Amino acid sequence: MTEPSGRRERKKAATRQKIADTALRLFLERGYDAVGIREVAAEADVAVTTLFSHFASKEALVFEQDADFEQRLTQAATGRAPHEPLIPALRREIQALVRHCTADSAAPIWNMIDGSPALREYEESMRLRHAESLAAAIAADPDLTQSTTACRTIARFAIDAYSLAREAADPQAAVDEIFRMIEAAWEVTRSSPRV
(Lines give C-alpha, C1' and ligand atoms only; values in the text may rest on other atoms or scores of the structure.)
Protein backbone atom coordinates (compact mmCIF):
# COMPACT_ATOMS: atom_id res chain seq x y z
CA MET A 1 0.00 0.00 0.00
CA THR A 2 1.30 3.47 -0.76
CA GLU A 3 2.49 5.47 2.21
CA PRO A 4 0.23 8.46 3.02
CA SER A 5 2.17 11.68 2.55
CA GLY A 6 0.47 14.36 4.66
CA ARG A 7 -0.15 14.44 8.39
CA ARG A 8 -3.92 14.18 7.92
CA GLU A 9 -3.57 11.19 5.56
CA ARG A 10 -1.19 9.46 7.98
CA LYS A 11 -3.61 10.00 10.85
CA LYS A 12 -6.52 8.60 8.80
CA ALA A 13 -4.41 5.59 7.79
CA ALA A 14 -3.41 4.98 11.41
CA THR A 15 -7.04 5.17 12.56
CA ARG A 16 -8.10 2.79 9.79
CA GLN A 17 -5.38 0.32 10.73
CA LYS A 18 -6.24 0.56 14.44
CA ILE A 19 -9.88 -0.23 13.67
CA ALA A 20 -8.95 -3.18 11.44
CA ASP A 21 -6.46 -4.59 13.95
CA THR A 22 -8.95 -4.23 16.79
CA ALA A 23 -11.71 -5.91 14.81
CA LEU A 24 -9.53 -8.81 13.77
CA ARG A 25 -8.30 -9.35 17.33
CA LEU A 26 -11.88 -9.38 18.65
CA PHE A 27 -13.13 -11.63 15.85
CA LEU A 28 -10.34 -14.15 16.45
CA GLU A 29 -10.77 -14.06 20.24
CA ARG A 30 -14.55 -14.34 20.36
CA GLY A 31 -15.72 -15.38 16.91
CA TYR A 32 -16.84 -13.27 13.99
CA ASP A 33 -20.58 -13.61 14.68
CA ALA A 34 -20.19 -12.87 18.40
CA VAL A 35 -18.72 -9.40 17.88
CA GLY A 36 -20.78 -6.41 16.82
CA ILE A 37 -19.76 -3.21 15.06
CA ARG A 38 -20.42 -1.13 18.18
CA GLU A 39 -18.06 -3.32 20.19
CA VAL A 40 -15.32 -2.91 17.60
CA ALA A 41 -15.78 0.87 17.57
CA ALA A 42 -15.76 1.08 21.37
CA GLU A 43 -12.66 -1.11 21.67
CA ALA A 44 -10.87 0.94 18.99
CA ASP A 45 -12.00 4.13 20.77
CA VAL A 46 -13.74 5.57 17.71
CA ALA A 47 -17.32 6.48 16.89
CA VAL A 48 -19.38 4.03 14.86
CA THR A 49 -19.62 6.68 12.15
CA THR A 50 -15.81 6.85 12.07
CA LEU A 51 -15.64 3.09 11.67
CA PHE A 52 -18.10 3.27 8.77
CA SER A 53 -16.17 6.10 7.15
CA HIS A 54 -13.28 3.64 6.83
CA PHE A 55 -15.15 0.35 6.29
CA ALA A 56 -18.43 -0.10 4.44
CA SER A 57 -19.45 -3.23 6.35
CA LYS A 58 -18.51 -5.62 9.10
CA GLU A 59 -17.17 -8.05 6.49
CA ALA A 60 -14.89 -5.35 5.09
CA LEU A 61 -13.11 -5.25 8.46
CA VAL A 62 -11.82 -8.77 7.84
CA PHE A 63 -10.74 -8.01 4.27
CA GLU A 64 -9.13 -4.68 5.12
CA GLN A 65 -6.45 -5.11 2.44
CA ASP A 66 -9.06 -5.57 -0.28
CA ALA A 67 -8.36 -2.28 -2.09
CA ASP A 68 -4.60 -2.81 -1.87
CA PHE A 69 -4.90 -6.31 -3.38
CA GLU A 70 -7.13 -5.03 -6.18
CA GLN A 71 -4.66 -2.23 -6.93
CA ARG A 72 -1.74 -4.66 -6.95
CA LEU A 73 -3.52 -6.93 -9.41
CA THR A 74 -4.38 -4.16 -11.85
CA GLN A 75 -0.90 -2.68 -11.46
CA ALA A 76 0.57 -6.05 -12.44
CA ALA A 77 -1.20 -5.63 -15.77
CA THR A 78 -0.80 -1.89 -16.32
CA GLY A 79 2.56 -1.28 -14.67
CA ARG A 80 4.62 -3.97 -16.30
CA ALA A 81 7.72 -3.07 -18.29
CA PRO A 82 7.30 -2.29 -22.00
CA HIS A 83 7.07 -5.50 -24.01
CA GLU A 84 6.88 -7.61 -20.82
CA PRO A 85 4.32 -10.36 -21.40
CA LEU A 86 1.13 -10.09 -19.37
CA ILE A 87 0.85 -13.60 -18.00
CA PRO A 88 4.28 -13.77 -16.27
CA ALA A 89 3.56 -10.38 -14.66
CA LEU A 90 0.23 -11.66 -13.34
CA ARG A 91 1.86 -14.89 -12.16
CA ARG A 92 4.42 -12.96 -10.08
CA GLU A 93 1.71 -10.90 -8.40
CA ILE A 94 -0.51 -13.89 -7.71
CA GLN A 95 2.49 -15.74 -6.25
CA ALA A 96 3.18 -12.78 -3.95
CA LEU A 97 -0.46 -12.62 -2.84
CA VAL A 98 -0.53 -16.37 -2.23
CA ARG A 99 2.66 -16.15 -0.14
CA HIS A 100 1.07 -13.39 1.93
CA CYS A 101 -2.21 -15.27 2.45
CA THR A 102 -0.66 -18.67 3.18
CA ALA A 103 1.72 -17.45 5.87
CA ASP A 104 1.25 -19.29 9.16
CA SER A 105 -0.14 -16.13 10.74
CA ALA A 106 -2.97 -16.07 8.18
CA ALA A 107 -4.30 -19.57 8.99
CA PRO A 108 -6.62 -18.48 11.86
CA ILE A 109 -8.08 -15.74 9.66
CA TRP A 110 -8.82 -18.15 6.81
CA ASN A 111 -10.33 -20.64 9.28
CA MET A 112 -12.63 -17.86 10.49
CA ILE A 113 -13.55 -16.93 6.90
CA ASP A 114 -14.20 -20.55 5.94
CA GLY A 115 -16.48 -20.91 8.97
CA SER A 116 -18.65 -17.90 8.18
CA PRO A 117 -21.18 -17.90 5.32
CA ALA A 118 -21.25 -14.08 5.38
CA LEU A 119 -17.46 -13.85 5.02
CA ARG A 120 -17.35 -16.50 2.28
CA GLU A 121 -20.04 -14.61 0.35
CA TYR A 122 -18.18 -11.32 0.80
CA GLU A 123 -14.95 -12.94 -0.37
CA GLU A 124 -16.68 -14.26 -3.48
CA SER A 125 -18.11 -10.84 -4.37
CA MET A 126 -14.69 -9.31 -3.74
CA ARG A 127 -13.04 -11.82 -6.10
CA LEU A 128 -15.58 -11.05 -8.82
CA ARG A 129 -14.93 -7.31 -8.42
CA HIS A 130 -11.16 -7.89 -8.56
CA ALA A 131 -11.61 -9.96 -11.72
CA GLU A 132 -13.65 -7.19 -13.38
CA SER A 133 -11.06 -4.55 -12.46
CA LEU A 134 -8.25 -6.74 -13.76
CA ALA A 135 -10.18 -7.49 -16.97
CA ALA A 136 -10.72 -3.77 -17.56
CA ALA A 137 -7.00 -3.11 -17.06
CA ILE A 138 -6.07 -5.87 -19.51
CA ALA A 139 -8.64 -4.75 -22.09
CA ALA A 140 -7.39 -1.15 -21.91
CA ASP A 141 -3.86 -2.15 -22.92
CA PRO A 142 -3.40 -0.97 -26.52
CA ASP A 143 -0.66 -3.55 -27.09
CA LEU A 144 -3.02 -6.44 -26.42
CA THR A 145 -5.49 -7.47 -29.10
CA GLN A 146 -7.60 -10.01 -27.24
CA SER A 147 -11.36 -9.70 -27.12
CA THR A 148 -13.21 -8.35 -24.10
CA THR A 149 -14.41 -11.88 -23.40
CA ALA A 150 -10.85 -13.20 -23.49
CA CYS A 151 -9.69 -10.44 -21.13
CA ARG A 152 -12.50 -11.20 -18.69
CA THR A 153 -11.81 -14.92 -18.87
CA ILE A 154 -8.09 -14.59 -18.23
CA ALA A 155 -8.76 -12.19 -15.35
CA ARG A 156 -11.16 -14.67 -13.76
CA PHE A 157 -8.65 -17.48 -14.26
CA ALA A 158 -5.96 -15.40 -12.52
CA ILE A 159 -8.23 -14.59 -9.58
CA ASP A 160 -9.31 -18.23 -9.32
CA ALA A 161 -5.64 -19.26 -9.42
CA TYR A 162 -5.15 -17.28 -6.23
CA SER A 163 -8.09 -18.99 -4.50
CA LEU A 164 -7.20 -22.48 -5.67
CA ALA A 165 -3.52 -22.11 -4.80
CA ARG A 166 -4.32 -20.73 -1.36
CA GLU A 167 -6.17 -23.96 -0.59
CA ALA A 168 -3.57 -26.33 -2.11
CA ALA A 169 -1.08 -28.40 -0.13
CA ASP A 170 1.76 -26.72 -2.06
CA PRO A 171 0.45 -23.26 -2.97
CA GLN A 172 3.43 -22.14 -5.06
CA ALA A 173 3.43 -25.35 -7.11
CA ALA A 174 -0.31 -24.88 -7.64
CA VAL A 175 0.25 -21.33 -8.94
CA ASP A 176 2.83 -22.65 -11.40
CA GLU A 177 0.54 -25.44 -12.58
CA ILE A 178 -2.47 -23.16 -12.98
CA PHE A 179 -0.51 -20.47 -14.79
CA ARG A 180 0.77 -22.97 -17.34
CA MET A 181 -2.89 -23.52 -18.24
CA ILE A 182 -3.60 -19.77 -18.20
CA GLU A 183 -0.62 -19.14 -20.50
CA ALA A 184 -1.91 -21.77 -22.93
CA ALA A 185 -5.40 -20.24 -22.87
CA TRP A 186 -3.99 -16.75 -23.44
CA GLU A 187 -1.96 -17.95 -26.41
CA VAL A 188 -5.10 -19.41 -28.00
CA THR A 189 -6.78 -15.99 -27.80
CA ARG A 190 -3.95 -14.30 -29.73
CA SER A 191 -5.44 -15.51 -32.98
CA SER A 192 -9.01 -14.59 -32.01
CA PRO A 193 -10.43 -11.28 -33.26
CA ARG A 194 -11.15 -8.60 -30.68
CA VAL A 195 -14.89 -8.21 -29.92
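Engineer: Tell me about the overall build of the chain, and please be specific about residues and values.
Structural biologist: On a plain count of helices and strands, the chain comes out with ten helices and zero strands. Structurally, the chain occupies a C-alpha span of about 60 × 40 × 25 Å along its principal axes. Burial statistics for the chain: of 195 residues in total, 44% are counted as buried. Looking at the chain alone, contacts between residues at least 24 apart form 70% of all its contacts between residues at least 6 apart. Total accessible area on the chain is roughly 10800 Å²; 53% of this is exposed by carbon and sulfur atoms.

Engineer: Quick one: what's the story with the layout of surface pockets, residue by residue and with numbers?
Structural biologist: Its volume calculated, the largest pocket comes out at about 510 Å³. Lining the largest pocket are 27 residues; nearest its centre among them are V62, Q65, F69, H100 and C101. For the lining of the largest pocket, the secondary-structure elements that each account for two or more residues are helix 1 (7–30), helix 4 (58–62), helix 5 (66–78), helix 6 (86–101), helix 7 (107–114), helix 8 (117–139) and helix 9 (148–167). Residues that form the lining of the largest pocket fall into these classes: 17 nonpolar, five polar and five charged.

Engineer: Which residues make up the packing of aromatic side chains, and what are the values?
Structural biologist: Under the defined criterion, the tally for this structure stands at two aromatic pairs. Aromatic side chains F27 and Y32 sit 4.9 Å apart centroid to centroid with 65° between the ring planes, which places their arrangement in the edge-to-face category. An angle of 25° between the planes, with centres 5.4 Å apart, marks the rings of F63 and Y122 as stacked. Residue F63 is located in the loop between helix 4 and helix 5, and its partner Y122 is located in helix 8; the two are separated by 59 residues in the primary sequence. One exposure class covers both F63 and Y122, and it is buried. The cationic tip of K58 hangs over the ring face of Y32; the distance from NZ or CZ to the ring centre is 4.3 Å. The positively charged end of R166 is found above the aromatic ring belonging to W110, 3.4 Å away from the centroid.

Engineer: Give a detailed account of the environment of A89, specifying residues and quantitative values.
Structural biologist: Within the secondary structure, A89 sits in helix 6. Residues A89 and L73 lie 16 residues apart in sequence; the distance between their C-alpha atoms is 9.5 Å. Among all residues touching A89, those that are not within four sequence positions of it are A76, R80 and E84.

Engineer: So what's going on with the side chain of E70? Which residues, and what values?
Structural biologist: Counting through the fold element by element, E70 comes out in helix 5. Of note is the side chain of E70, whose polar atom sits 2.7 Å from the side chain of R129. Contact partners of E70, with chain neighbours within four places excluded, come to R129, H130 and S133.

Engineer: Describe helix 2 (residues 37–44), naming the residues involved and giving the relevant values.
Structural biologist: For helix 2, the set of buried residues is I37, V40, A41 and A44. Here the buried residues of helix 2 occupy an arc of 95° about the axis, which is enough to place them on one side. Set apart from the buried face of helix 2 by more than 90 degrees, the exposed residues are R38 and A42. The elements touched by buried residues of helix 2 are helix 1, helix 3 (48–54) and helix 4. Immediately beyond the C-terminal end of helix 2, within one or two residues, lies D45, with a positive phi of roughly 60°.

Rules behind the numbers
Residues numbered from 1 in each chain as written. Predicted model: local features only at pLDDT ≥ 70, side-chain atom pairs only at ≥ 80, totals over all residues. Heavy atoms only, no water. Helix = DSSP H or I, 4+ residues; strand = E, 2+ residues; numbered from the N terminus. Buried < 20%, exposed > 50% of the residue type's maximum accessible area, 1.4 Å probe, protein only. Contact = heavy atoms within 4.5 Å. Areas by Shrake-Rupley, 256 points an atom, 1.4 Å probe, with all protein chains shown as cover. 1 Å grid on protein atoms, 1.4 Å probe; cavity = no way out; pocket = protein on both sides within 12 Å on 5 of 7 lines; lining within 4 Å. Points joined across faces, edges and corners; volume = space filled by probe spheres on them. Nonpolar A, V, L, I, M, F, W, Y, C, P; charged D, E, K, R; others polar. Phe/Tyr/Trp six-rings, centres within 6.5 Å; stacked < 30°, edge-to-face > 60°. Lys NZ or Arg CZ within 6 Å of the ring centre and 35° of its normal. Polar contact = N/O pair within 3.5 Å; in protein donor to acceptor, adjacent residues only side chain to side chain. Arc of directions from axis to C-beta.

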